[in-house]
Amino acid sequence: MGWGRLGTNGSIGSITGTRPGFVAGDTGGELSYDQWFRGEMAPFAGIEWQPNDRWGFKAEYSSDAYVLETGAPNVFERKSSFNFGAEYQARPGLRLGAYYLYGSELGVTAQIQLNPKHPTQPMRVNAPVPVAPRSSWATEERHWTRDWATSTRAKTTLRDALAEALQQDGLILEALSLPENGTEAELRYRNPRYRAQTLAIGRSARAMARLLPPSVETLKIVPMRGGLALSQVVIRRSDLEALEHNPDATEALWAVTGLQAAEPLAEEALVSGDLYPAFSTSLSPYTAPSYFDPELPFRLDVGVDLKASYAPAPGWRIAGTIRQRVWGNVKDGRASNSVLPRVRTDQNEYAQFSTTLENLYVTRQWQMGRDLYARSTVGLFESMFGGVSGEVLWKPVSSRLALGVEGNYVVQRDYDQRLSFRDYKTFTGHASAYYQMDKGYHLQVDAGRYLAGDYGATFALDREFANGWRVGGFFTLTDVSSEDFGEGSFDKGFRFSIPLDWLLGKPSRNTFGMTVRPTQRDGGQRVHVPGRLYGQIREAHRAQLTRQRARIWE
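Residues numbered from 1 in each chain as written. Predicted model: local features only at pLDDT ≥ 70, side-chain atom pairs only at ≥ 80, totals over all residues. Heavy atoms only, no water.

### Considering the overall build of the protein
Move 1: A count of helical and extended segments in the protein gives 11 helices and 27 strands.
Move 2: On the principal axes, the C-alpha backbone points of the protein span a range of 95 × 65 × 45 Å.
Move 3: Taken across its 554 residues, the protein has 43% of its residues classed as buried.
Move 4: For the protein, the share of sequence-separated contacts (at least 6 apart) that also reach a separation of at least 24 residues comes to 57%.
Move 5: Total accessible area on the protein is roughly 28300 Å²; 57% of this is exposed by carbon and sulfur atoms.
Move 6: The centroid of the 63 positive side-chain charges in the protein is displaced by 3 Å from the centroid of its 61 negative side-chain charges. (Helix = DSSP H or I, 4+ residues; strand = E, 2+ residues; numbered from the N terminus. Buried < 20%, exposed > 50% of the residue type's maximum accessible area, 1.4 Å probe, protein only. Contact = heavy atoms within 4.5 Å. Areas by Shrake-Rupley, 256 points an atom, 1.4 Å probe, with all protein chains shown as cover. Lys, Arg positive; Asp, Glu negative; His and termini not counted. Charge placed at Lys NZ, Arg CZ, Asp CG, Glu CD.)

### Considering the nonpolar core
Move 1: In terms of nonpolar packing, the biggest core is built from 40 residues, with Leu212, Ile235 and Leu240 touching the most fellow members.
Move 2: For this core, the elements supplying multiple residues, two or more each, are α3 (152–168), β8 (172–177), β9 (184–190), α4 (197–211), β10 (218–225), β12 (232–236), α5 (237–243) and α6 (249–255).
Move 3: Looking at this core, the element that brings in the most residues is α4, giving 7 residues.
Move 4: With sequence-adjacent residues up to four places away left out, Ile235 is seen in contact with Ile201, Ala205, Glu217, Thr218, Leu219, Ile221, Leu240, Leu253, Thr257 and Ile552.
Move 5: One finds Val343, Phe381, Leu451 and Val527 within the second-largest nonpolar core, a separate group that totals 11 residues. (Core = buried A, V, L, I, M, F, W, Y, C linked by side-chain atoms within 4.5 Å.)

### As for the pairing of strand β3 (residues 45–49)
Move 1: Little of β3 is tucked away, with 0 of its 5 residues classed as buried.
Move 2: Here β3 runs beside strand β4 (residues 55–61); their pairing, made up of 5 bridges, is antiparallel. Each residue of the ladder has a partner; that of Ala45, found in β4, is Tyr61.
Move 3: Between β3 and β4, which follow one another and run antiparallel, lie 5 residues. (Pairing = 2+ DSSP bridges.)

### A closer look at the environment of Arg521
Move 1: Within the secondary structure layout, Arg521 lies in the loop between β27 (511–516) and α10 (533–537).
Move 2: Looking at Arg521, the relative accessible area reads 7%, which means it is buried.
Move 3: Between the C-alpha atom of Arg521 and that of Asp491, which follows or precedes it by 30 residues, the distance is 7.2 Å.
Move 4: If we skip the residues at most four places from it in the chain, Arg521 touches Asn337, Ser338, Arg344, Thr345, Phe485, Gly486 and Glu487.
Move 5: Here the side chain of Arg521 touches Asn337 through a polar contact of 3.1 Å, side chain to side chain.
Move 6: Of the polar contacts made by the side chain of Arg521, one reaches the backbone oxygen of Phe485; its length is 3.1 Å. (Polar contact = N/O pair within 3.5 Å; in protein donor to acceptor, adjacent residues only side chain to side chain.)

### A word on the pattern of salt bridges
Close approach of charged atoms allows side chains of opposite charge to pair.
Move 1: Going through the model one piece at a time under the given rule, you end up with 33 salt bridges.
Move 2: Ionic pairing is found between Arg237 and Glu241, a salt bridge with its closest N-O pair at 3.9 Å. Placement of both Arg237 and Glu241 in helix α5 is noted, with a separation of 4 residues, approximately one turn of the helix. Here Arg237 and Glu241 have matching classes, each one buried.
Move 3: A salt bridge links Glu464 to Arg470, with the nearest nitrogen and oxygen atoms 3.6 Å apart.
Move 4: On the basis of relative accessible area, Glu464 is assigned to the buried category, the value being 12%.
Move 5: Salt bridges here are not isolated pairs; linked through shared partners, they connect Arg375, Glu391, Glu406, Asp446, Arg526 and Arg532. (Salt bridge = Lys/Arg side-chain N within 4 Å of Asp/Glu carboxyl O.)

### Comments concerning a nonpolar patch on the surface
Move 1: Residues Leu283, Val304, Leu306, Ile322, Val326 and Trp327 make up a contiguous nonpolar surface patch of about 610 Å² in total accessible area.
Move 2: Elements with a minimum of two residues in the nonpolar patch: β16 (296–311) and β17 (316–328).
Move 3: Note that Val326 resides in strand β17.
Move 4: Given a relative accessible area of 63%, Val326 falls into the exposed group. (Patch = residues over 30% accessible without salt bridge, like charges linked within 9 Å, V, L, I, M, F, W, Y side chains within 5 Å.)

### Structural notes on α3
Move 1: Compared with the 24 Å implied by 1.5 Å per residue over 17 residues, the 25 Å span of α3 between its first and last C-alpha is a close match.
Move 2: Considered for burial, the residues of α3 that qualify are Lys155, Leu158, Arg159, Leu162, Ala165 and Leu166. All buried residues of α3 project into a common sector of 130° when viewed along the axis, lining one side. Summarising the geometry of α3, the exposed residues directed more than 90 degrees from the buried face are Arg153, Thr157, Glu164, Gln167 and Gln168.
Move 3: On the buried face of α3, the contacting elements are β8, β9, α4 and β14 (270–271).
Move 4: Looking one or two places after α3, you find Gly170, whose phi comes out positive at around 80°. (Expected span 1.5 Å × (residues − 1). Arc of directions from axis to C-beta.)

So yeah, pure geometry; function would need other evidence.
What follows is the structure, given as structure tokens:
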């Protein structure tokens, strides 16, 4: 039984009173509970028959008279309340359909289907090198030879051998510390290949066990990112040797593995000499969608991004992107009617230009102290804003909670997205709390001042699955009234991201994703600053590594 639209054809009357009419100019974004189950009601029904795994046949009786659609010119003519369809599963992931609708229309579909539990390609990862156990003779302390521990030449040879071994696994050695006691070693590495840091940690441990002298028992492994030491994983070499073929190897090794905050780089550490300065470029496609324009609900720009980055020293990065639109119709979207500063609703104005400077900035990130990280950025952050940004994050290695504060002084960029600016300037900043819950749930709350000068808070909940898929939603409430905000009443939306390794079947740290808002307005909007800290830091802390612990043996 249906009400509202579903009560406009074949009504059998009303038992709940008159339904309030829609008020023209209403901004939406609020529950219309006064209309629920009110007014005329009518029955509707549908049936589907599947004679086998490939075919499906459907029939439907609709109680929707499609008043708005049939009243507009050149939409469709409704001659019947009955609709019919047939669908055929051509192969896994592809379903074809044909339909006869309203007594006047024919339709066809091709559905491309993805199941997150079943990757499109089987994952292809090179098999790890087996752990090389030391002989019982070599592990007895009276037989240890530590002369190498006082030889710079011997240590350099070990560093170079480890760097070559890590390179075979797509990892980059940043530094190797070998104290003169000869019983421990600390390896700092960079992981540009694997989504799971535990996989990179396991590969690093295997390389150390294979190449370091027998006297080295304690293996300290430090994941690095952007010049930051994320954590320190401590594994006893004898545990690695003893547990490789254990039926419960994952849980057994993780139970005896230590995890703590990384110490400052030792003075005697051997740093790889060819890492800085570093220059890289890439050419990749991009998509820029725009949703829910009443004249055309979905608009899209597509093109290519030429990216370049230069890292002169650890923690420093200079980066920029030149964007070339190949095709698109976002520029034809509706003009802004916002009464707030137009910090986002002038999207169509920015889309008028085909070749643009998407961003150009200098950033530095560093560790201020134990559990305390910092970032500063200056330049053109995104297509609409540039300025100066600073951030501080508190995140202990074993804590699920993180706290941060960020401040930005920004200037709105000109529509042509070159090096000039408009008159609008503002300060925006937020205090943030992050909490990583069980089963991959992440809660984030940001409170502060937004781009249009409004004050409020954003609440977000995301879930990250073991295969790397991530889905979530958010909403923002500020001191802007529903009337001033406009259509939608307040900012809200959902987002998702898909890991490219799931799509391609080979290791990758990149993802494809998007954020969808019912409508894009100016209230509750934040500046998009590249390289915010929390996402970088948490990937090698306890909660995340524990979720990925099974991959330490891959």
